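# Breakdown of the fold
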Amino acid sequence: MAFGGPPVLVRILGAVELVGSGGVTVPLPGTRQSALLAALSARAGEVVSIDRLVTLLWGDDLPDNPEASLHSAVFKLRRALRTVSEREVLLTRDRGYQLALSPGDLDADLFGELVSRAAGQPPEEAAGTLAEALGLWRGQAYAGFADTEVAQLEAIRLEESRRTAVERRAEALLACGRAADVVPMLEPFVAEHPLRESARASLMRALHQTGRTVEALGHYRSHRDHLGEDLGLEPSRVMQSLQVELLQEPPDADATTQMGQATAVVTRRGLCALQVRYLRTRAGDVVAHGSTGTGPPLVVLLGWISNLDVIASGRDPRSSLLERLTDDFALTLYDRVGTGLSPGPVTDFGLAASVAELADVVRAVGPPVSLLAMSGAGPIAVSLAAGQPELVASLVLFGTFADGPGTFTDKQLRDMVVQITRTHWSMGSKLLADLYRPGASDEAAWHLSEVFRESARPDVAADYLASLYEHNVVDRLPTVTAPALVLHYRGDRLIPFRGAQQLVAGLRNARLVVLEGRVHLPDANDLDQIQKNIVEHVRGALRTQPGRARLSRSP
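Analysis parameters
- Residues numbered from 1 in each chain as written.
- Predicted model: local features only at pLDDT ≥ 70, side-chain atom pairs only at ≥ 80, totals over all residues.
- Heavy atoms only, no water.
- Pairing = 2+ DSSP bridges.
- Helix = DSSP H or I, 4+ residues; strand = E, 2+ residues; numbered from the N terminus.
- Axes fitted to C-alpha atoms, helices over the stretch in contact; angles between N-to-C directions.
- Contact = heavy atoms within 4.5 Å.
- Parallel < 35°, antiparallel > 145°, perpendicular 65-115°, else oblique.
- Left-handed = near helix turned anticlockwise from the far one by under 90°.
- Nonpolar A, V, L, I, M, F, W, Y, C, P; charged D, E, K, R; others polar.

## Observations concerning the sheet that holds strand 13 (residues 484-489)
Taken together, 8 strands build an open sheet; the order of strands is 7-8-10-9-11-12-13-14 and the sheet is mixed. Each edge of the sheet is formed by a strand with only one pairing partner; in this case those strands are strand 7 (275-280) and strand 14 (510-515). Strand after strand, the sheet turns through a mean of 20 degrees between neighbouring axes, direction not considered. Relative to strand 8 (residues 286-292), strand 7 runs antiparallel, the two sharing 6 bridges. By the bridge assignment for strand 8, Q275 is matched with S291. Against the sheet, helix 15 (residues 378-387) makes contact with strand 9 (297-301), strand 11 (369-374) and strand 12 (392-398), and its axis sits at roughly 160 degrees relative to strand 12, the strand it touches most.

## Details of the sheet that holds strand 6 (residues 96-99)
Read from one edge of the open sheet, 3 strands run 4-6-5, paired in antiparallel fashion. The open sheet terminates on both sides in strands that have one partner only, identified here as strand 4 (47-49) and strand 5 (90-93). If you compare each strand with its neighbour and ignore which way they point, the axes differ by 30 degrees on average. Judged from the 3 bridges that link them, strand 4 and strand 6 form a sheet pairing that is antiparallel. By the bridge assignment for strand 6, V48 is matched with Y97. Helix 2 (residues 50-58) contacts strand 4 and strand 6 of the sheet and is inclined by roughly 70 degrees relative to strand 4. Across the sheet, helix 3 (residues 66-82) is in contact with strand 5 and strand 6; its angle to strand 5 comes to roughly 145 degrees.

## Focus on the packing of helix 8 (residues 197-209) against helix 9 (residues 213-231)
With their axes 7 Å apart at the nearest point, helix 8 and helix 9 run at an angle of 160 degrees to one another. Our classification of the angle between helix 8 and helix 9 gives roughly antiparallel. In this structure, helix 8 crosses over helix 9, and the sense of that crossing is left-handed. Note on element contacts: helix 9 touches helix 8 through T213, E215, A216, H219, Y220, S222, H223 and H226, opposite E197, R200, L203, M204, L207 and H208. Considered class by class, the residues forming the contact of helix 8 with helix 9 number 5 nonpolar, 6 polar and 3 charged.

So, in structure tokens, the structure goes:
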């Protein structure tokens with residue numbers, strides 16, 4: 001029920017159903033009517049063209065007369081809708097159809113309204129409201145269509161909202177002293193979603209508060225193992241501080257006091273202390289950049305796309321290395337225009353624009369700085385070091401390349417990846433996730449694809465990717481005077497090892513560190529070695545260039 005109003009007409013939080021008076025399900029014979037209802041519900045309020053609906057319902061297996069078959073399905077669905085609503089819900093528009101639902105007609109909208117309402121309520125009331133919201137779920141959203149274009153994007157969005165609502169309810173229950181209710185709710189949830197830090201942290205607190213501290217600490221070890229194996233990450237400082245807290249605090253300590261103490265610990269240092277600022281570039285764009293840590297300045301080029309909030313949360317594959325480096329350097333990270341916290345629009349995806357953007361960030365920090373370029377950012381860092389050597393003290397090039405066409409030699413594959421990213425972002429992000437961490441579990445692939453989707457819109461991600469594939473700075477390598485450290489995994493599937501070989505062959509002063517493995521970004525097992533090499537290289541470069549060395553500082 002929609003807050004005492006009429007019952008919902010369409011349920012998609014589970015199997016796709018029409019609901020009549022008294023909550024009775026109205027049968028939809030066959031699969032086409034359900035598929036049509038799912039397609040229109042996932043795009044409720046939008047006019048969906050006939051051509052698009054035909055593609056969604058039949059794909060490549062088209063009937064003899066696609067439009068007539070679609071009209072037949074529309075006629076049958078409209079007839080079923082008229083049995084549950086006095087209003088005309090399925091509308092014919094110019095070359096398309098629209099599902100015109102009112103507030104409360106769709107169970108997903110009711111779910112969203114309840115979740116929003118809970119945000120402004122005290123903990124006890126919020127816990128009840130979130131329980132009501134989660135009670136609307138009967139299974140996977142758009143069941144039967146969640147893995148197809150019919151409703152995939154909307155199903156992914158709703159599933160993430162459901163997971164977040166579970167975590168928020170656990171936090172509300174803890175805040176009102178109901179730890180005993182949290183444990184049975186979160187134990188199966190964490191088992192199913194072992195990489196979700198918020199849920200794991202709440203379960204650890206609940207176990208501790210109910211006298212099961214040994215089990216709580218066991219969950220920390222399990223979390224650490226899952227992160228390392230599936231994502232190559234270490235636990236965030238928040239989780240590390242929670243572990244220390246549970247070892248030090250008695251189980252009956254006040255939960256609110258414990259949470260405040262933990263926050264006080266983690267906000268003093270590391271990525272949790274990232275201070276985000278905005279600068280106006282010479283091109284007129286607005287770029288978000290964040291600083292944290294103490295030591296010589298190190299500007300990090302995060303690669304293809306990024307989101308500073310995700311980095312700071314510890315969820316990004318680059319987070320663990322960057323977390324460690326905050327102990328050694330004054331780190332500055334930035335989101336490229338149109339990605340993460342940097343607003344768009346992007347008017348130029350080319351290499352020259354990216355180099356100018358980096359130069360503006362370096363000037364805001366205060367040159368000279370060392371550059372850590374990861375993944376696709378190598379050509380940008382090389383170009384700045386070659387063209388404006390006074391800005392760059394040293395280079396660290398991790399998992400990157402100099403010659404795009406020479407590294408990504410299969411043009412047909414390149415074009416396919418760009419197109420999938422542009423038109424099927426959920427599928428494209430999962431494909432890329434598997435290249436980042438070959439053989440990753442389904443949960444890890446979900447995690448990584450969620451990081452990508454939070455970092456950029458599909459069109460922006462696709463256009464940056466297409467540009468990246470064409471970058472070629474081989475002719476600039478011999479002109480770079482800054483000493484360079486090149487690190488690369490030998491079995492990297494995303495950016496092959498030949499990318500590192502290009503860099504070392506062309507740079508005048510470069511050292512190669514070969515890492516064994518098939519992953520792309522720093523793996524937890526290799527962080528000691530990677531951190532040691534980066535620190536020694538950057539500090540060594542400053543020692544050999546005394547005229548360019550700068551005092552250690554905090555941002």
